[in-house]
Structure formats: structure tokens, C-alpha cells
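For reference, the chains in residue letters:
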Amino acid sequence: MSIVDFIPVLLFALFGVGLMRDLYNKLSKGAFALLSAGVLMIVTAGGYKALWKLLYALEVCDFETLNRAFFPMQSTGFMLLGLGMAAGTFFPQGKHTVYAAPAVFSGTMIFVAFMILGAVGLCGSMTALSLRMKKRSAAALFVLGFVLILGMGYLSSRDVGVDAAKNWAAECTNTLAQLTLLLGLRTLEKSGLRERTSMKE
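Residues numbered from 1 in each chain as written. Predicted model: local features only at pLDDT ≥ 70, side-chain atom pairs only at ≥ 80, totals over all residues. Heavy atoms only, no water.

### Here's the deal with the overall build of the chain
Note the threshold: Numbering goes from the N terminus for both helices and strands, where a helix is a DSSP run of H or I of at least four residues and a strand is a run of E of at least two. Partly exposed residues are those whose accessible area sits between 20% and 50% of the maximum for their type, while under 20% is buried and over 50% is exposed, using a 1.4 Å probe and protein chains only. Any pair of residues with heavy atoms lying within 4.5 Å of one another is described as a contacting pair. Each accessible area is a Shrake-Rupley estimate made with a 1.4 Å probe; only the visible protein chains count as cover when residues are assessed.
For the chain, the count of helices and strands is six helices and zero strands. N-terminal to C-terminal, the α/β element order of the chain is α-α-α-α-α-α. Counting over 201 residues, the chain shows a buried share of 46%. Long-range contacts, defined as pairs at least 24 residues apart, comprise 79% of the intrachain contacts of the chain with a sequence gap of at least 6. Within the structure as shown, the chain displays about 10300 Å² of accessible surface, and the carbon and sulfur contribution to it stands at 69%.

### Observations regarding the packing of aromatic side chains
Here is the rule we go by: Centres within 6.5 Å make a pair out of two Phe, Tyr or Trp rings, where for Trp the six-membered ring is used; the pair is then stacked when the planes are under 30 degrees apart, edge-to-face when over 60, and tilted otherwise.
Enumeration over the complete set of coordinates arrives at four aromatic pairs. Relative to Phe78, the ring of Phe12 has its centre 6.0 Å away and its plane inclined at 50 degrees; by these criteria the two rings are tilted. A residue pair is termed long-range when its members are at least 10 positions apart, and Phe12 in helix α1 (residues 6–23) and Phe78 in helix α3 (residues 64–90) qualify at 66 residues. Among the residues examined, Phe12 registers a relative accessible area of 3% and is labelled buried. Centroid distance Tyr24 to Phe32: 5.1 Å. Interplanar angle 85 degrees. Geometry classified as edge-to-face. Here the aromatic residues Phe12, Phe15 and Phe78 are joined through ring pairs into a cluster of three or more.

### Quick look at a nonpolar patch on the surface
Heads up, the rule is: Exposure above 30% relative accessible area and the lack of any salt bridge qualify a residue for a patch; like charges then connect within 9 Å, and the nonpolar side chains Val, Leu, Ile, Met, Phe, Trp and Tyr within 5 Å. The salt bridge criterion pairs a side-chain nitrogen of Lys or Arg with a carboxyl oxygen of Asp or Glu, the two atoms within 4 Å.
Among the surface-exposed residues, Ile116, Val120 and Leu150 lie close enough to one another that they form a single nonpolar patch of about 220 Å² accessible area. Note that Ile116 resides in helix α4 (residues 109–132).

### Observations regarding the nonpolar core
Within soluble globular proteins, side chains that are nonpolar generally end up buried alongside one another. Where we set the bar: Think of a nonpolar core as a cluster: buried Ala, Val, Leu, Ile, Met, Phe, Trp, Tyr and Cys residues, connected wherever their side-chain atoms sit within 4.5 Å.
If you look at the biggest cluster of nonpolar residues, it comprises 34 residues, and the most contacted ones within it are Phe15, Leu19, Leu35, Leu81, Leu122 and Ile149. If we skip the residues at most four places from it in the chain, Phe15 touches Leu122, Phe142, Leu181, Leu182 and Leu185.

### Here we look at unusual backbone geometry
Positive phi, close to 60 degrees, is recorded for Glu59, a residue that is not glycine. Along the chain, the position of Glu59 falls in the loop between α2 (29–57) and α3. Unusually for a residue other than glycine, Lys134 sits at a positive phi of about 60 degrees. What makes Lys134 exposed here is its relative accessible area of 72%.

### Regarding α3
Residues spaced three or four apart along an α-helix point in a common direction, a consequence of the helix completing one turn every 3.6 residues. Worth spelling out the cut-off: Here, expected helix span is obtained from the residue count minus one, scaled by 1.5 Å. The reported bend at a residue is simply the angle between two axes, fitted to the 7 residues ending at it and to the 7 residues beginning with it.
Helix length check: α3, at 27 residues, gives a terminal C-alpha distance of 40 Å against a target of 39 Å (1.5 Å per residue), a fit within 8%. Of all the bends in α3, the largest measures some 30 degrees and sits at Phe70, one to four residues before the proline Pro72.

### Overview of the environment of Val4
One can find Val4 in the segment before α1. Considered as a pair, Val4 and Leu54 are 50 residues apart in the sequence and their alpha carbons are 9.8 Å apart. Not counting chain neighbours up to four residues away, the residues in contact with Val4 comprise Trp168 and Glu171.

### Some remarks on the packing of α1 against α2
Each pair of packed helices gets described by two things: the angle between the helix axes and the distance between those axes. Applicable threshold: Axis lines are fitted to C-alpha atoms, over the contacting stretch for helices. Their N-to-C directions set the angle, which ranges from 0 to 180 degrees. For this classification, under 35 degrees means roughly parallel, over 145 means roughly antiparallel, 65 to 115 means roughly perpendicular, and everything else is oblique. Note on convention: the crossing is left-handed when the near helix lies turned anticlockwise from the far helix by less than a right angle, right-handed when the turn is clockwise. Nonpolar residues are Ala, Val, Leu, Ile, Met, Phe, Trp, Tyr, Cys and Pro. Charged residues are Asp, Glu, Lys and Arg, and all others, Gly as well, are polar.
Two numbers describe how α1 lies on α2: the axes approach to 9 Å, and their chain directions differ by 165 degrees. With respect to α2, the element α1 is oriented roughly antiparallel. For the pair α1 and α2, the sense of crossing is left-handed. Residue-level inspection shows Phe6, Val9, Phe12, Ala13, Gly16, Leu19, Met20 and Leu23 of α1 in contact with α2, the latter providing Phe32, Leu35, Ser36, Val39, Ile42, Val43, Gly46, Gly47, Ala50, Leu51 and Leu54. Its residues assigned to classes, the contact of α1 with α2 shows 15 nonpolar, four polar and no charged.

### Some words on the environment of Leu81
Tracing the chain through its elements places Leu81 in helix α3. Distance from Leu81 to Ile42, taken between C-alpha atoms, is 9.0 Å for residues 39 residues apart in sequence. For Leu81, the contacting residues outside a window of four places in its chain are Phe12, Leu19, Leu34, Leu35, Gly38, Val39, Ile42 and Leu122.

What follows is the structure, encoded as C-alpha cells:
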């Protein structure tokens, strides 16, 4: 199971890098910086947790710090990614637009809010972009991705402990969530997303 945990990380990394390449010339520097920082934080956070599970499964060590860093990093990353996508999709931007990154707090609820708002920003923006490109199938994938991300968040918030069935449910939900995002992006790319000159077309 610890090896399987790397699959959604890889899928999201493919989605994130593809998104960055597709939108590089369509976003302001501020929005693109937010998007990029969010992608990097989410991938790093996922890598931390997968590595923690692998080290634990191999009985190398219980590097609990990697696990503790996961949720704050991932949720903040989703918030940044969502802000960048929403800014590029719904608000006009100049070349010198500057955004402040949200502060990091120690409480859990702020990170739950970051995760939800980030998922709304990302999936809502990608759905709107899909509809602008008249790709309803991609829009449906991003809506499904949003539901799965929320499901993943719910399952992650449960204390699954050593319950293998619950762990597998969380893993499968996470993998499906990242796969739907990647498939949605690939659908838009086939319809010329990278060749578009603007997010507003």
C-alpha cells in the first residue's frame, strides 16, 4: 500500500506540470506564481506522506514529521493553486499584479478551509474554462474531480489507523481524484488549450 501512495502524487504532478505549461502565457506573473507554488507544495506534501508510509512499512523509521507536514502543506498548496486559477479565470489582471500568500496557522480548521476553497478555485475555474471551450466531458471530469477531492479530504480526516479497508478506500479515492483532473486537462489540451492566447477566449 505504501508504494500505491506514490501513484496519486505522480498523477497530480503530471496534471500540475501540464497545467503550468498550458497556462504559462495566459496568466499574469502573480497568478502563475500562485499556481506554480501551489502545485509544488501539493506534490511535495504528497511525496512527504508517501515517503513516510514507505519508511514505516520497510521498518526503517517512523519519521512522523513528514506525516505532520502533509496536511498544512497540501491544504495551503490547494489554496494557492485555487487562488491562481480563479484570478486567471475570473478576474482581469495586469502584468504587475501582486498577490500575498496566506499566512500559515497552527490550527486545523484554517487548513480545512484552505483545502475546500482551493479545490473550489481549481475545479471551478477548470470547469468554467471547459465550458468556454465547449468541452462538456472535461467539465464533467472536473466536477467529478471536485467531489472526489472532497471525499478524499473527508476520508483523510477520519482516523483510519491500521484499518486496511479504510486506507484502501482513501487511496483509491485520491488516485481517482488525480486521474480525473489529469484526464480533464488532457481533453482540453486535445482541443487546443495550449494554443489559446487567453483564458477569456
